[in-house]
4 protein chains.
Amino acid sequence: MAMEGKPFDALDEKLQELVNAAFDMKGCAYCPYSNFHVGCAVLTESGEVYAGCNVENASYGLSICAERVAMTNALSKGHRKFRAAAVSCDVVDTFKGPCGACRQFFIEFGLDWDLYMVKPDKTWMKMQMGELVPLPFTPASLQEERVK
Amino acid sequence: MAMEGKPFDALDEKLQELVNAAFDMKGCAYCPYSNFHVGCAVLTESGEVYAGCNVENASYGLSICAERVAMTNALSKGHRKFRAAAVSCDVVDTFKGPCGACRQFFIEFGLDWDLYMVKPDKTWMKMQMGELVPLPFTPASLQEERVK
Amino acid sequence: MAMEGKPFDALDEKLQELVNAAFDMKGCAYCPYSNFHVGCAVLTESGEVYAGCNVENASYGLSICAERVAMTNALSKGHRKFRAAAVSCDVVDTFKGPCGACRQFFIEFGLDWDLYMVKPDKTWMKMQMGELVPLPFTPASLQEERVK
Amino acid sequence: MAMEGKPFDALDEKLQELVNAAFDMKGCAYCPYSNFHVGCAVLTESGEVYAGCNVENASYGLSICAERVAMTNALSKGHRKFRAAAVSCDVVDTFKGPCGACRQFFIEFGLDWDLYMVKPDKTWMKMQMGELVPLPFTPASLQEERVK
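Residues numbered from 1 in each chain as written. Chains lettered and ligands numbered in written order. Predicted model: local features only at pLDDT ≥ 70, side-chain atom pairs only at ≥ 80, totals over all residues. Heavy atoms only, no water.

Enquirer: Go over the packing of aromatic side chains, please, and point to the residues and values.
Expert: Per the stated rule, a full pass over the model turns up 30 aromatic pairs over all chains. Aromatic side chains Phe82 of chain A and Phe109 of chain A sit 5.9 Å apart centroid to centroid with 75° between the ring planes, which places their arrangement in the edge-to-face category. Of the two residues, Phe82 of chain A sits in strand β4 (residues 82-89) while Phe109 of chain A sits in the loop between α4 (100-107) and β5 (114-118), which places them 27 residues apart along the sequence. In this structure, Phe82 of chain A and Phe109 of chain A share a single accessibility class: buried. Relative to Trp113 of chain D, the ring of Phe106 of chain D has its centre 5.4 Å away and its plane inclined at 90°; by these criteria the two rings are edge-to-face. Taking the relative accessible area as the measure of exposure, Phe106 of chain D reaches 0% and is therefore buried. Taken together, the ring pairs in this structure connect Tyr30 of chain A together with Phe82, Phe106, Phe109 and Trp113 of chain D into an aromatic cluster. Its guanidinium or amino end placed over the ring of Phe23 of chain B, Lys26 of chain B lies 3.9 Å from that ring's centre, counting from NZ or CZ. (Phe/Tyr/Trp six-rings, centres within 6.5 Å; stacked < 30°, edge-to-face > 60°. Helix = DSSP H or I, 4+ residues; strand = E, 2+ residues; numbered from the N terminus. Buried < 20%, exposed > 50% of the residue type's maximum accessible area, 1.4 Å probe, protein only. Lys NZ or Arg CZ within 6 Å of the ring centre and 35° of its normal.)

So this is what it looks like as structure tokens:
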């Protein structure tokens with residue numbers, strides 16, 4: 001179930017590190033086309049934090065969101081299990097969920113881990129990955145019985 | 001709210017056309033890498049049906065799902081408003097939702113239209129696009145007030 | 001080898017139809033983010049012309065170029081062999097090649113077919129797909145002998 | 001112009017580090033769908049090496065190649081200028097160029113830097129990025145004069 005709160009009292013130290021990493025990463029965004037800065041950080045099962053920002057491209061469709069940059073950063077260090085992710089952008093009034101492509105990228109590695117959406121005032125909202133993608137298409141879907 | 005049913009009694013004629021178009025389109029799929037055939041059709045506000053299948057690529061990341069092929073087919077004919085989409089694959093036992101990328105592609109054109117997920121026996125499940133993407137990132141998100 | 005020329009004298013009737021289809025398709029582009037209109041048309045081996053425009057998305061990375069829209073349109077009608085493609089944008093002074101993603105999408109279906117790049121004054125430049133992607137990664141690459 | 005050679009005699013120390021990083025990174029690839037392992041490393045102007053592997057997804061189109069993972073890794077550390085990249089896969093007999101999407105991702109950051117393609121025996125072939133994308137679509141293309 002979705003939960004909201006003030007981040008720095010409510011989160012333990014490791015999650016604060018995660019949220020801060022996402023927050024700070026916005027400054028590195030390469031977003032000359034949208035001017036929409038996003039930062040993301042992921043917390044591996046083993047307790048390490050990897051971060052990323054959005055990277056855009058003159059061919060818009062080749063742009064990669066911060067969420068996938070953070071994930072590939074961790075994955076290319078060998079991590080495959082995750083406890084939480086945090087995503088931060090500059091929108092003031094509402095919590096912004098990730099785009100659908102990033103949701104799919106997250107759930108490749110499980111449905112039962114948490115996403116923290118962080119506003120510029122560092123208040124946050126938490127949802128489980130599985131809540132963000134009802135009726136998900138997952139790696140297991142490719143293994144289900146098919147006709148023919 | 002999600003609804004399930006037998007398609008051909010429960011759906012009006014136009015929706016039957018839609019479901020059948022998605023179903024038949026699987027046969028055109030270019031999926032030499034996954035061998036996972038998907039068909040999709042979309043129903044425009046003006047009552048026209050456009051269909052598409054998945055098209056894969058040796059560089060896996062350039063593969064495009066059936067849902068986006070159907071949508072771009074309709075969009076390149078000038079359509080921008082949609083009433084429903086239907087998606088069909090060969091998985092027998094469960095209704096398969098679209099991948100997150102396709103959900104995002106759908107909601108670019110609104111949250112309040114319907115997706116029919118169709119099994120090989122032509123039973124279906126219906127969800128609203130907005131239900132498939134809780135806390136969505138939408139075109140309006142880019143216009144919200146931002147810090148700095 | 002690259003060739004340039006005035007299109008309407010130099011091209012046979014079918015190629016003129018192709019170039020015109022690409023040219024006209026720009027008007028359907030859904031490009032609220034870049035405002036960069038592109039049209040593309042592809043000519044199948046059997047002589048049919050399919051067209052497409054670019055379709056962008058609030059999550060920039062989900063945008064699909066005109067070239068891929070035209071191709072998926074033809075592919076979802078069952079076509080797999082192509083004679084030529086034409087791409088048209090509004091840039092005045094130089095011929096614009098497609099982005100790399102679209103080049104890869106084209107060469108999935110062979111290296112020895114032609115791309116016509118068309119300027120707003122309808123002059124054109126022609127290159128072979130294989131020329132646009134030196135040392136290509138192709139479907140055959142996945143079948144080559146690998147270590148381990 | 002393309003150049004080939006034995007890597008460890010012909011390359012200076014920093015480039016050897018780059019080639020080795022790409023080579024070793026293959027072992028981290030998350031490629032359960034293609035089973036095609038790729039590693040990439042990029043050398044920043046300031047002399048730092050960042051690496052990445054391919055990361056695939058059950059929705060094939062969301063897969064990201066090693067080249068883009070390495071690039072986003074470096075970019076999210078603030079780097080914007082690059083001297084060279086190396087890419088390594090398991091294909092034995094031929095040098096494999098990157099897919100078109102990755103070429104486009106590379107040239108977002110310039111045409112005049114080098115790509116080393118590395119075979120399993122660590123022999124290499126070098127091409128300039130600009131050679132890999134003739135008639136490129138670049139960030140500057142979006143700034144050129146357009147009709148209307």
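Enquirer: Quick rundown of the interface of chain D and chain A? Include the residues and the values.
Expert: With 34 residues of chain D at the interface, the matching set in chain A holds 34 residues. Between chain D and chain A, roughly 2,600 Å² of surface is buried when both sides are summed, and carbon and sulfur atoms account for 66% of that area. Of all residues in chain D, the largest losses of buried area upon contact with chain A belong to Leu62, Ser76 and Glu108 of chain D, amounting jointly to 19% of the total for that side. Seen at the junction of chain D and chain A, the total is zero salt bridges. Where chain D meets chain A, there are 11 residue pairs in polar contact (both at pLDDT 80 or more). Of all the elements in the fold, those that place two or more residues in the side of chain D that touches chain A are β3 (49-53), α3 (66-75) and α4 (100-107) of chain D. (Contact = heavy atoms within 4.5 Å. Buried area = accessible area lost by both parts, 1.4 Å probe. Salt bridge = Lys/Arg side-chain N within 4 Å of Asp/Glu carboxyl O. Polar contact = N/O pair within 3.5 Å; in protein donor to acceptor, adjacent residues only side chain to side chain.)

Enquirer: Lay out the pairing of strand β4 (residues 82-89) of chain B with the relevant residues and their values.
Expert: Residues and elements named next belong to chain B. Most of β4 sits inside the fold, with seven of its eight residues counted as buried. Sheet topology note: the β4/strand β5 (residues 114-118) ladder contains five bridges and is parallel. Each residue of the ladder has a partner; that of Val87, found in β5, is Met117. In this fold, β4 hands off to helix α4 (residues 100-107), which returns the chain to β5; that crossover is right-handed. (Pairing = 2+ DSSP bridges. Right-handed = clockwise from strand over helix to strand, strands pointing away.)

Enquirer: Mind laying out the relation of the copies chain D and chain A, listing which residues take part and the relevant values?
Expert: When chain D is brought onto chain A, the operation consists of a screw motion whose angular component is 180° and whose axial shift is 0.0 Å, with 0.0 Å RMSD remaining. Here the copies are linked by what is in effect a two-fold axis. Relative to the rotation axis, the closest C-alpha in chain D is found at Asn73 of chain D, a distance of 3.0 Å. Mapped onto chain A, 100% of the interface residues of chain D again fall at the interface, so both copies present the same surface. (Least-squares fit on C-alpha atoms with pLDDT ≥ 70 in both.)

Enquirer: Break down the nonpolar core for me, citing the residues and quoting the values.
Expert: Val42 of chain A, Val42 of chain B, Val42 of chain C together with Val42 of chain D are the most contacted members of the largest nonpolar core, which totals 148 residues. In contact with Val42 of chain B, not counting residues within four places along its chain, are Leu18, Glu48, Val49, Tyr50, Ala70, Met71, Ala74, Phe82, Ala84, Ala85 and Phe106 of chain B. (Core = buried A, V, L, I, M, F, W, Y, C linked by side-chain atoms within 4.5 Å.)

Enquirer: Break down the packing of helix α3 (residues 66-75) of chain B against α4 of chain B for me, citing the residues and quoting the values.
Expert: Residue and element names in this part refer to chain B. Put simply, α3 and α4 touch, their axes get as near as 9 Å, and they point 20° apart. As the angle between them shows, α3 and α4 are arranged roughly parallel. Here α3 and α4 pass one another in a crossing that is left-handed. Listed contacts from α4 to Glu67, Arg68, Met71, Thr72 and Leu75 of α3 are Ala101, Cys102, Phe105 and Phe106. For the contact of α3 with α4, the per-class residue count stands at six nonpolar, one polar and two charged. (Axes fitted to C-alpha atoms, helices over the stretch in contact; angles between N-to-C directions. Parallel < 35°, antiparallel > 145°, perpendicular 65-115°, else oblique. Left-handed = near helix turned anticlockwise from the far one by under 90°. Nonpolar A, V, L, I, M, F, W, Y, C, P; charged D, E, K, R; others polar.)

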